[in-house]
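Residue-level structure breakdown
Each chain is listed here by its residues.
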Amino acid sequence: IVRMMVDNCQTAVNRDLDPPVADRSSCEGTSAIKPFNEFLNVNGPLQLGGVKHPVLSSYKWNFAHTRKGFDGCIKNVIHNSEMYDLASVGESQDSTIGCPPAEEYCYPNQIDKFCLHGTCDGNFTSAKCVCFPGYEGERCDKKTQEKMFEQNSYIRYALTFNPGEYSNEIQLMFRTRQKQGELFRATSKHGREYLILEIRNRTLRFRFNLNHYRSSEEELWLPYVSVSDGQWHTVNVQRYGSTATIALDGGGGRRYNELLDHEDLHQELVIDTKSVIAGGDVQSVAPNINVVDNDFQEGCMNDIRLDTRYLPMENGSQFAFVYESRNVKSGCPSNNPCLGVFCPPPFICVDLWMLYECTCPKGFVVSLDGKSCIDDDECVSLQPCLNGGSCINLPDGQGYECVCPNGYFGIHCNAVREEKVMQLSVAAMALIIFCIFAVLILALVVIAYSRIRTHKPYDQKDIIDDVRENIIVYDDEGGGEDDMNAYDIKTLQIPIDGYGSPMGAKSGPEKGPVRDPHQWQAPPGVQPDVGDFIRDHQDKADMDINVPPFDDLRNYAYEGGGSSAGSLSSLASCTDDVDHDFEYLNGWGPRFQKLADMYGQGESEEE
C-alpha cells in the first residue's frame, strides 16, 4: 500500500464517536500495488524538483510523470528515517542554497541577525524564530532556566492558551542517571485521556490515550538508545491525531521512531489547562497532601515547550505560570563525586555529573598499558580539518591547528572566504549628488532670508510701521525742507522711565525720585487739607511745560496741497459782525498766554 499525506492531514474531519469516524479525503490518498510489483528499484539517482534524464519512450506507462520543474523550496527530505542534506548533491541546475523568497523576511538587512540563537522559519509572507534548545524569546536572545528535581518533586502549570486538539508538540531537555522517571504529562480534565513522556529501563517512551470511552493506549519508544548517561539530551515528540513521531538529539537512525496507525482510532484530545505537570504523576491522597508516582528524581530539566510555547520553571510568562512546585531547586549541580577520591598520577579525577572517573587530562589519552598518559594526536583520531586543510598536531596536549587552503578559513577550515568589491551604482551616485545640491541650496536660502530679516535703523523703516501720530517725514519734499535745526527723530525712539532716565542704560547706583523743593508740604503737627493738596498739584501741572498736551509747532512758510498746515487767512476771517470777547483766554494759564495777547492786540488795532 502506498499512502500520500499532506500536512499530516490536519484538515481532516473527525467525529468523536465510538467507533470514531474520519474523513481524510482532502489530505490523504492511498493505493494498492498489484501483486509481484511490490519491489521498488532505487538503484537510480534520486531526483528532486524536476527530471534530468530524457524521455523514456521504451516504457509503456499508463501514467507518465510530468517533466515540468518544481518552482519553490524543498527541505527536510527524509527517507527510511534518514534526513538528506540538500547542500551536498551530485548535480544541480537552476537551484540555489536556501530559500531566497523566505529569507527576505528572515534577513531584512545583513547587519543585525534576526535570530541570535536559533533558525529563522520563513515563508513568502512572514518569518519567525525557532530557538535552539536552551534559548527563548522572539529573537532567541534569552537563556532558559534549568532545575534540579529531587525526590517527590514536580511542577504543575496553569496554561494561558488552549493546546491543539488534533496536534501537539512536546520538547524538553533533560539529564539523569536514573533508570526510570516521568518527564512530562498532559491530561484531559477527567484524566482518562493523556500524553505521557517518560524514561523506562534507561530508554525513552511516549504513550498516549485519546479514547475517553475506554483505554486504548498507544506507545512509541526508542529501544536502542540509553539516555541515563548523565549527559544533556533533547527530545522532541510530535502528535498528529493518532500518529506520532519521537526524535532524540535531532533524530536520525536509532534516535528516531514513528507511529503511523490511524484506522478506527480516535484523533483528538482536549487538554485541561491545569493538568500539565513536569516531574511525575501527582496523586492527591488528602487535602494539601500529594504523592508523586514514578517521579523524576536526581535529574535536571530545561527548556520545556508545549506546542512550541515556552513553559517557565519558575514564576510565569505570557504562555503559562507555575501553579504549584515542590522539591525543585535552581541549577543542575553535581553531588561532588570526586570528594575523597585519589587517582594515581598522572591520572586525575573528573566529575562526570553524579559520577567520577580517573582519566588523563585534556589533550592526553591513556597509553596501551593503561599506566600512563600520552599526547592525543587529534589529527589522526578526529581528522578535524575540512576542505583540504592540513592538520598540525601540537605537542604536550596543546591540541591541533589547521592550515587552510586559499578560499577557506576558520578553526576547521569550514568557512568559505568570499571577497566582494563594494562600489556605488550610477543611481546611488546621482542620488548623493542631488542631496548635496539640495542641502547647499537650502543653506543659501536660509542665509538670504536671515539677511533680509536683519534689524534696520528706524530712519530706513516704512512710516506705516510707526504708531506715533506726531511724526513728520523729513525725506518728503515740502514737509521738512525748512527745518534748519535738522531734528533727529532717533531721540524720540529712546524710551525713558518715570524719572526721565533712558531705559536700558547702564546700571548704576540707584537713585530715588528727586523731590521738588516747591512742592507743598503740611506744617509739622498740622493735619493736611485735601483741598490744599489738590490745588497744589493743579498749579504745578499748569506751570509744568514738560507734561502733555505738548505744543505742535508747524511750518507755515508754504501753503498748498502738499502742506500739512491749513491757510493763515482763516485766522482773520469772521462769519458775523458780533464782537467777540477773548478776555477769557487770560484765564487758561501761561501756555495760552501768547494766544490771549495776540487776539487782544489784534482787536484793539482793528478798532
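Quick caveat, the model's predicted, so the values are computed rather than measured.

Criteria and cut-off values
- Along each chain, the written sequence defines residue order, and numbers are assigned to residues from 1.
- Local features in this predicted model are restricted to residues whose pLDDT is 70 or higher, and side-chain atom pairs enter the listing and the counts only when it is 80 or higher, whereas totals over whole chains, interfaces and linings include all residues.
- To get the side-chain values, all heavy atoms of the structure are used, and hydrogens and water are removed first.
- Numbering goes from the N terminus for both helices and strands, where a helix is a DSSP run of H or I of at least four residues and a strand is a run of E of at least two.
- Relative accessibility under 20% of the residue-type maximum defines a buried residue, over 50% an exposed one, and the middle range a partly exposed one, all with a 1.4 Å probe and only protein chains included.
- Residues count as neighbours in contact if any of their non-hydrogen atoms are within 4.5 Å of one another.
- UniProt positions are given in the numbering used here, feature names are shortened, and annotations may be inferred rather than shown by experiment.
- By nonpolar core is meant a set of buried Ala, Val, Leu, Ile, Met, Phe, Trp, Tyr and Cys residues that side-chain atoms within 4.5 Å join together.
- Think of pLDDT as the predictor's per-residue confidence, scored from 0 to 100.
- Each reported salt bridge corresponds to a side-chain nitrogen of Lys or Arg within 4 Å of a carboxyl oxygen of Asp or Glu.
- Aromatic rings from Phe, Tyr and Trp, with only the six-membered ring used for Trp, were paired whenever their centres fell within 6.5 Å, and each pair was classed as stacked if the ring planes differed by under 30 degrees, edge-to-face if by over 60, and tilted otherwise.
- Two conditions define a charge sitting above a ring: the NZ of Lys or the CZ of Arg must be within 6 Å of the ring centre, and it must be within 35 degrees of the ring normal.
- For two strands to be treated as a pair, DSSP must find no fewer than two bridges joining them.
- Lining residues are defined by having an atom within 4 Å of a point belonging to a cavity or pocket. Those points lie on a 1 Å grid over the protein atoms alone, cavities being sets where a 1.4 Å probe fits but cannot get out and pockets being open sets with protein on both sides within 12 Å along at least five of seven lines.
- Grid points are joined across faces, edges and corners, and a volume is the space filled by probe spheres set on the points.
- Residue type decides the class: Asp, Glu, Lys and Arg count as charged, Ala, Val, Leu, Ile, Met, Phe, Trp, Tyr, Cys and Pro as nonpolar, and the leftover types, Gly among them, as polar.
- Between N or O atoms, a polar contact is any pair within 3.5 Å; within protein, one atom must be a potential hydrogen donor and the other a potential acceptor, and residues adjacent in sequence are included only when both atoms are from side chains.
- Here, two cysteine sulfur atoms that lie within 2.5 Å of each other are counted as a disulfide.
- A patch is a set of surface residues, each over 30% in relative accessible area and not in a salt bridge, joined within 9 Å for like charges and within 5 Å for the nonpolar side chains Val, Leu, Ile, Met, Phe, Trp and Tyr.
- In this description, accessible areas are obtained by the Shrake-Rupley approach with a 1.4 Å probe, and a residue is regarded as covered only by the protein chains that are shown.
- Helix span, expected: 1.5 Å multiplied by one less than the number of residues in the helix.

What follows is about the overall build of the protein chain. A count of helices and strands for the protein chain gives five helices and 33 strands. Taking all 607 residues of the protein chain together, the buried fraction comes to 25%. A fraction of 52% describes how many contacts in the protein chain between residues 6 or more apart in sequence connect residues 24 or more apart.

Under the UniProt annotation, "transmembrane region" (unreviewed entry) lies at residues 426–449. Secondary structure across residues 426–449 comprises 100% helix and 0% strand; the distance between its end C-alpha atoms is 35 Å.

What follows concerns the nonpolar core. In terms of nonpolar packing, the biggest core is built from 40 residues, with Tyr157, Phe174, Phe184, Leu197, Leu204 and Met301 touching the most fellow members. Here this core gets four residues from one element, more than from any other, and that element is strand 11 (residues 146–159). Every residue in contact with Leu204, bar those within four places of it in the chain, is listed here: Phe174, Leu183, Leu197, Glu198, Ile199, Leu220, Trp221, Leu222, Val227, Val235, Ile246 and Leu248. Counting residues in each nonpolar core, the second largest holds five residues, with Ala12, Cys27, Tyr166 and Tyr240 among its members.

Taken residue by residue, the protein chain gives an average pLDDT of 81. The fraction at 70 or more is 77%. Counted against residues more than four places away or in other chains, residues 602–607, with its pLDDT under 50, gives two contacts.

It is worth spelling out the environment of Pro20 at this point. Among the structural elements, Pro20 can be located in the loop between strand 2 (13–15) and strand 3 (21–23). Sequence-wise, Pro20 and Glu263 are 243 residues apart; in three dimensions their C-alpha atoms are separated by 9.2 Å.

Next up on the list: the pattern of salt bridges. Using the criterion set out here, one finds 16 salt bridges in the structure. We note a salt bridge from Lys75 to Asp121, for which the minimum N-O separation is 3.9 Å. Pair noted here: Lys75 is in the loop between strand 4 (28–31) and strand 5 (77–79) and Asp121 is in strand 7 (residues 118–122), with a separation of 46 residues, a long-range link. One salt bridge connects Arg200 with Glu198, and the closest N-O pair in it is separated by 2.6 Å. Accessibility expressed as a relative area gives 2% for Glu198, which makes it buried. Among the charged side chains, a salt-bridge network with shared partners connects Glu198, Arg200, Arg205, Arg207, Glu217 and Glu219.

This model, assessed by the stated rule, comprises four aromatic pairs. Seen in terms of ring centroids, Trp588 and Phe592 are 5.1 Å apart; in terms of plane orientation they differ by 85°. Their pairing is edge-to-face. Note on Phe592: relative accessible area 31%, which makes it partly exposed. Positioned above the aromatic ring of Trp221 is the side chain of Arg205, whose terminal nitrogen or guanidinium carbon lies 3.9 Å from the ring centre. For the cation-ring pair, Arg254 lies above Tyr224, with the distance from its terminal atom to the ring centre recorded as 5.1 Å.

At the junction of Pro345 and Pro346, the peptide bond is cis and its omega measures out at 5° in the coordinates. The backbone phi angle of Asn76 is positive, close to 55°, even though this residue is not glycine. When you line up the elements, Asn76 lands in the loop between strand 4 and strand 5. Even without being a glycine, Asp307 presents a positive backbone phi close to 55°.

As a further point, take the pairing of strand 18 (residues 243–248). In terms of residue burial, strand 18 counts as a mostly covered element, since five of its six residues are buried. As judged from the six bridges shared by strand 17 (residues 233–240) and strand 18, these two strands associate in the antiparallel manner. Its bridge partner lying in strand 18, Arg239 is registered against Ala244. Between strand 17 and strand 18, which pair antiparallel in sequence order, lie two residues; one of them, Gly241, sits at a positive phi of approximately 65°. As paired strands, strand 18 and strand 19 (residues 256–259) are joined by four bridges and run antiparallel to one another. Directly across from Ile246, in strand 19, lies its bridge partner Asn257.

All right, on to empty space enclosed by the protein then. One pass over the structure, following the stated rule, counts one cavity of 30 Å³ or more. Approximately 60 Å³ is the volume found for the largest cavity. Contributing to the lining of the largest cavity are Asn14, Arg15, Asp16, Pro20, Val21, Ala22, Leu265, His266, Gln267 and Glu268. Secondary-structure elements contributing two or more residues to the lining of the largest cavity are strand 2 and strand 3. Here the residues of the lining of the largest cavity are counted per class, giving four nonpolar, three polar and three charged.

Before going further, it helps to spend a moment on the side chain of His266. Mapped onto the elements of the fold, His266 is located in the loop between strand 19 and strand 20 (276–278). A polar side-chain atom of His266 sits 2.9 Å from a polar atom in the side chain of Asp16. Here His266 is in contact with Asp16, Leu17, Asp18, Pro20, Leu210, Asn211, Tyr213 and Ser242, once residues within four sequence places are set aside.

With the rule as written, the count across this model stands at eleven disulfides. Paired by a disulfide, Cys343 and Cys358 hold their sulfur atoms 1.9 Å apart. Looking along the S-S bond of the Cys343-Cys358 disulfide, the torsion reads about -70°, which is the left-handed sense. Separated by 15 residues along the polypeptide, Cys343 in the loop between strand 25 (320–330) and strand 26 (348–351) and Cys358 in strand 27 (residues 356–359) bring together distant segments of the chain. The disulfide partner of Cys379 is Cys391, and the gap between their sulfur atoms is 1.9 Å. Sign of the S-S torsion, about -75° for the bond between Cys379 and Cys391, identifies this disulfide as left-handed. One end of the pair, Cys379, is in helix 2 (residues 378–381); the other, Cys391, is in strand 30 (residues 390–394), with twelve residues separating them in the sequence. Residue Cys391 is classed as partly exposed on the basis of its relative accessible area of 27%.

Moving on to a nonpolar patch on the surface. A contiguous nonpolar surface patch, about 680 Å² in accessible area, is contributed by Leu424, Met429, Ile432, Ile433, Ile436, Phe437 and Leu440. Structurally, Ile433 is set in helix 3 (residues 426–452).

Quick look at helix 3 now. In this model, helix 3 (27 residues) spans 39 Å end to end at C-alpha, consistent with the 39 Å of a helix rising 1.5 Å per residue. Little of helix 3 is tucked away: zero of the 27 residues are buried.

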